Amino acid sequence: MEDTKRTADLLAQLNKIVSEGRNPETMEIDTLSSEGILRKLNHEDAQVAPAVATQIPSIALAVDAIVERLQRGGRLFYIGAGTSGRLGILDAVECRPTFSVPDDLVQGIIAGGEHAIQYAVEGAEDDRAAGVADVKALELSEQDVLVGLSASGRTPYVVAALEYANTINCVSVSVTCNPDSPLMTTAKIGICPVVGAEALTGSTRMKSGTAQKLVLNMLSTASMIRLGKTYENLMVDVNASNEKLRARAIRIVMQATDCERATAEQALKEAKNRAKLAILMILTGTKRGEAEALLDQENGFLRRAVEQKS
C-alpha cells in the first residue's frame, strides 16, 4: 500500500513538471524520415539559448557569489544525479586544464558515486541521506558554493544536499528547467531556463540537458574570467599538459603579443610553460622574476600587470 501511494505521489508530481509534458510539435516524429526527425530536433534545440538568456540576471548573481567565495579560499561544487550529475562532472574536470586551477577547486558530485558516471545506479537519486553524506564527506562549508543540478527540480538527493548547505550558510544555487519545483524554493539563487516539453517525452538529456550545459559553461567561464584567468579572450592560464595544449600555449603567446613562434617558445621556456608569465615578459620586456612579482602584485590579472608596467 505504501509503495502504491509513493507511486501515485510521483505520478502526480510528474504531471506538473514542464519537462515531462508531451510536446505537440513532435507527436508525429515516429513517422518522419531521418532528415525530418533531425529538423524537428533542431527546431526544439533552437529554443534553448533564448530560454537561458532570460536567466542571465540570476546567473550573474551566482557568478558574483562564486567569485567572492573562491577569492576567500572556498570551492565550487556541482551536485546532481544521472545526466545532470555527469554534466557537472564534465564542467568541473574541464576547469583544471583550461584555467590551471587546483584539482579540488571545482568538483562534481554524482548520486551513486564514480560508478554512476557510466552506469545507472538504481535508487541513487532518491537517497536524501546520501546527498547530505556526500557533501559532508567533502567537508562542505560556508566558504563554498554548492550548485544543485536537476532537470525536474525534484531530485531528492540534490534537494537534500542543498537543504544541508543552507543550514551551514553555504551558498546554494539551483539549475533546473522547472520553475515550480523544490529545488527552486530551496536554493538561495535559482536559475531556471524553461525549455518546455522534450521532443521525446521525459528525455531530459535533450533540451534540458543542453540548457544545463550552457548554464554551467557560463558559471565556470565567467567566474574564471572574473578571477583573472584570461587576457582579452585568450586562455592564458591554460595548463600545457599534453602536446596539443603545449602547441596551444605557443599560439596563445603569439596571439597575445604578435610575436614570432621562436620568441614565444623561448619565453615559454623561460617562464616554465606558463603562458601568462611568458606574455607579460614579452609585452613589458621584463625578466621572469620581475614579471612574477608584477603578477603577484596584481593578483594574477595579466591586463592589470601590463598596464602597471606601461
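Residues numbered from 1 in each chain as written. Predicted model: local features only at pLDDT ≥ 70, side-chain atom pairs only at ≥ 80, totals over all residues. Heavy atoms only, no water.

### Here we look at unusual backbone geometry
- Although it is not a glycine, Lys272 adopts a positive phi angle of roughly 55°.
- On the secondary structure map, Lys272 appears in the loop between helix H11 (261-270) and helix H12 (275-284).
- At Asn299, a position not held by glycine, the phi torsion is positive, near 55°.
- With respect to the secondary-structure elements, Asn299 resides in the loop between helix H13 (288-297) and helix H14 (302-309).
- With relative accessibility at 61%, the residue Asn299 sits in the exposed group. (Helix = DSSP H or I, 4+ residues; strand = E, 2+ residues; numbered from the N terminus. Buried < 20%, exposed > 50% of the residue type's maximum accessible area, 1.4 Å probe, protein only.)

### Some points on the UniProt feature "active site" (unreviewed entry) in the chain
- Per the UniProt entry, the sites bearing "active site" (unreviewed entry) are Glu94 and Glu125 in this numbering. These annotated residues cover 32 residues of sequence, and their C-alpha atoms reach 24.3 Å apart at the extremes, leaving them scattered rather than at a single site.
- Mapping Glu125 onto the fold places it in the loop between strand E2 (106-110) and helix H6 (128-137).
- Here Glu125 is in contact with Ala81, Ala111, Arg154, Thr155, Pro156 and Tyr157, once residues within four sequence places are set aside. (UniProt positions renumbered as here; feature names shortened; annotations may be inferred. Contact = heavy atoms within 4.5 Å.)

### Considerations on the sheet that holds strand E4 (residues 171-175)
- Spatial strand order, E2-E1-E3-E4-E5: five strands in an open sheet with parallel pairing. The sheet terminates laterally at E2 and strand E5 (189-191), the two strands that pair on one side only. The average angle at which neighbouring strand axes cross in this sheet is 20°, direction not considered.
- Both E4 and E5 contribute to a ladder of three bridges, which runs parallel. By the bridge assignment, Val175 is partnered in E5 with Ile191.
- Against the sheet, helix H5 (residues 82-99) makes contact with strand E1 (76-80), E2 and strand E3 (145-149), and its axis sits at roughly 160° relative to E2, the strand it touches most. (Pairing = 2+ DSSP bridges. Axes fitted to C-alpha atoms, helices over the stretch in contact; angles between N-to-C directions.)

### A word on the UniProt feature "domain: SIS" (unreviewed entry) in the chain
- UniProt tags residues 66-229 as "domain: SIS" (unreviewed entry).
- Secondary structure across residues 66-229 divides into 43% helix and 14% strand, with the first and last C-alpha atoms of the span separated by 14 Å.

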